[in-house]
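Examining the three-dimensional arrangement
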Amino acid sequence: MLCNDPALFRDEMLKGYVAAYPGYVMEAPGGVVSARETPASKVAVMNGGGSGHYPAFCGIVGDGLMDGCVVGNVFTSPSCEDVLGVAGALRTQAGLMILGGNYAGDKMNFDMARDRLRAQGIDARTFYITDDVSAAPPEQAPLRRGNVGTFLVFKAAGAAAAAGLSLDEVERVAIKANDRTRTMSIGLRGCTLPGHTKPLFEVPSGLMEVGQGIHGESGVAEKPVASAQEIASLLVERVLSEAPGDARRLAVVLDGLGSTKYEELFVVWGTVSQLLAKAGYELVEPVVGEVVTSLDMEGIALAVQYLDEELERLWCAPCASPGFSRGPQAAPAKLRERSQAAHSGDGAERIWAPAGPAAQAQGRVAARALAAMAACMADQEEMLAQIDSVCGDGDHGRGMVKGSKAAAAVAQDAVEAQAGVGSVLQAAGDSWRAAAGGTSGVLWGSALWTLGETLGDEQEVIDAALMAQATDAACAKLMELGGAQVGDKTMVDALVPFAEALGQGAEAGLSLSEAWGKAVTVAHEAARNTANLTAKIGRARPQASRSLGTPDAGAISLALCLEACGLGCPQKAQ
């Protein structure tokens, strides 16, 4: 892929996008907002997710669609701070509806931002789309992930808000649209992340992936490559298998995902349209093209929404954006003042109070440990990406590099301001979460913040017992946030054994460095042993059987960071 610095791909993409469409959008901290003023009485609707999916994220900001979009790094959830930045630029008075796919990172970051907006007096709601029928059986529909059908839900919610509906009604429409939307997909070639030379997953010659996700996740099965007619039949059969009995009219999207040519899509569409009509459905303003992509992935996704009178009206409602437009357009609204978009919503500058000499010394130890972790993650980025690409989206290495680098930088700033160890770790946690986004960003940021909260700025000595107490608190926080338990194939499978071993070392009277070293050995073994587990939560869950034999990337990176941290942390602060 064309890029300058892969780490800056999102930022440079957004600047170029805004420069290309100044009449539609303007940049905001964390994403973009509509260049046109939103009426004070209108509910604001924003969507979001990782970059790499244009036009679904940022390309459908405009009249009758989204008022704003929060955009994360490639295939990575935006951070809580990014969400607050876009929400702050919208300055909504009638309430805010935040929409995303059903992914752990999106849910954690969006919900955290929602709660902080509510604390500011803004009525904010979140909703997560579950249209991918391959991700879970019907009885487990709430576990399904978002796919190309997210666009159909975005369109319904955006049109509902444009029609003047209340926040309660916009939320109701989003829920109904999601309940009546189904997507099935096949993949012919994996996508390639910026800066990488190999695709996230290889489709074996002569085979196709059935049911792959929009973040580059491999499919749930492999089948021999079929003809366009056979692929169309497979897609139609699957989306119609869960049809409600009260609908005979369909909104339909046949999507090329990034690299499938329009001419190929038209060939497939010829059969799809015939099969849907033969099944007794009337197609309403179908879309054949690209509305949700996955960088340069080659494949096809079929999304349908079973329409009632209300959903059909919303599907056909006029809209205008750089990535999708429909019908007659209203007179242009007044352009938003450019200075409005600079408002971050929650961006108070951090000021550290000087701590005592002992706490400052411990803060320097923490900063050195974080710098060692950042160096380790930079060295291991490619390896972590390869592990994550087996059943995930391949972004784990990049996220760990961005998060650890940001944490190390702000930790050094805090040290220079004479902050204590608790403040250093809490500042590092905030910075890691904001820079990395995604699931790992939330979890690592929260873990560091909890460590800092437990250690505080008053401790003169941090021994094995105190560090074990702090680690236990961080472990509990991660399990609370992510909902993971030991055996689910996550970083928890390495962290819990580490915390237990650290506590045992403390009880045995070992020094911190001795206890830490023994616990790191336990963490590495536990991380390797995750290869024997099948994923039960997260993006790898739909490919649970494929995860067997490959360790969890989050567990491996955790063990590596703990080892680097131990090497960077001498027993005595200096």
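Scope of this entry: the structure provided in the associated data block. Every chain's residues receive numbers from 1 upward, in the order its sequence appears when written. Local features are withheld for residues below a pLDDT of 70 in this predicted model, meaning they are given only at 70 or higher, and side-chain atom pairs are given and counted only at 80 or more; totals for whole chains, interfaces and linings count all residues. Only hydrogens and water are removed before side-chain values are computed, so all heavy atoms of the structure are retained for them.

1. A few points about the pattern of salt bridges
- Any carboxyl oxygen of Asp or Glu that lies within 4 Å of a side-chain nitrogen of Lys or Arg is treated as forming a salt bridge with it. This model, assessed by the stated rule, comprises 27 salt bridges.
- Linking Arg125 and Asp123 is a salt bridge whose minimum nitrogen-to-oxygen distance equals 3.1 Å.
- Salt-bridge contacts for Glu298 lead to Arg189; the nearest nitrogen and oxygen are separated by 3.3 Å. Taken together, the residues Glu298 in strand 13 (residues 298–306) and Arg189 in strand 7 (residues 181–189) connect sequence positions 109 residues apart.
- Classification of Glu298 as buried rests on a relative accessible area of 18%.
- Exposure classes here rest on a 1.4 Å probe applied to the protein chains alone. A residue is buried below 20% of its type maximum, exposed above 50%, and partly exposed in between. Overall, Arg189 belongs to the partly exposed group, its relative accessible area being 35%. Labels follow the DSSP assignment, with helices taken as runs of H or I lasting at least four residues and strands as runs of E lasting at least two, numbered in each case from the N terminus.

2. A closer look at the sheet that holds strand 4 (residues 68–74)
- If you trace the six strands from one edge of the open sheet to the other, you get 1-2-4-3-5-6, paired in mixed fashion. Strand pairing shows two members of the sheet lacking a second neighbour, strand 1 (25–28) and strand 6 (124–129), which therefore form its edges. The average undirected angle you get between the axes of adjacent strands in this sheet is 25°.
- When DSSP finds two or more bridges between two strands, those strands count as paired. Direction of pairing for strand 2 (residues 31–34) relative to strand 4: antiparallel, over a ladder of three bridges. In this description, a line fitted to the C-alpha atoms serves as the axis of each element, helices being fitted only across the stretch in contact, and the angle between N-to-C directions of two axes falls anywhere from 0 to 180 degrees.

3. Regarding the pairing of strand 10 (residues 249–255)
- The element strand 10 is extensively covered by neighbouring structure, given that six of its seven residues are classed as buried.
- Relative to strand 11 (residues 282–283), strand 10 runs parallel, the two being bridged by two bridges. By the bridge assignment, Arg249 is partnered in strand 11 with Glu282.
- Bridging between strand 10 and strand 13 involves six bridges; their strand directions are antiparallel. Bridging from a neighbouring strand, Val252 pairs with Val304 of strand 13.
- Here strand 10 runs beside strand 12 (residues 287–289); their pairing, made up of three bridges, is parallel. Note that in strand 12 the partner of Val253 across the bridge is Val287.

4. Re the side chain of Asp106
- Along the chain, Asp106 falls in helix 3 (residues 104–119).
- Here the side chain of Asp106 touches Ser77 through a polar contact of 3.1 Å, side chain to side chain.
- Only heavy atoms matter for contacts: two residues are in contact if any of them lie within 4.5 Å across the pair. Sequence-distant contacts of Asp106, defined by excluding residues within four places in its chain, comprise Gly49, Ser77, Pro78, Gly101, Asp111 and Tyr128. Here a polar contact means two N or O atoms within 3.5 Å. Within protein one must be a hydrogen donor candidate and the other an acceptor candidate, and residues neighboring in sequence count only if both atoms are side-chain atoms.

5. Overview of empty space enclosed by the protein
- In the cavity and pocket records, a cavity denotes points on a 1 Å grid over the protein atoms alone where a 1.4 Å probe fits but cannot get out, a pocket denotes an open set with protein on both sides within 12 Å along at least 5 of 7 lines, and lining residues are residues with an atom within 4 Å of a point. Grid points are joined across faces, edges and corners, and a volume is the space filled by probe spheres set on the points. Per the stated rule, a full pass over the model turns up three cavities of 30 Å³ or more.
- The space that makes up the largest cavity amounts to roughly 130 Å³.
- Those elements that provide at least two residues to the lining of the largest cavity are helix 1 (9–20), strand 4 and helix 10 (396–416).
- When grouped by side-chain class, the residues that make up the lining of the largest cavity number six nonpolar, three polar and four charged. Note that Gly is not counted as nonpolar here; it falls among the polar residues with everything else outside the nonpolar set of Ala, Val, Leu, Ile, Met, Phe, Trp, Tyr, Cys and Pro and the charged set of Asp, Glu, Lys and Arg.

Remember that the coordinates give geometry; whether it matters functionally is a separate question.
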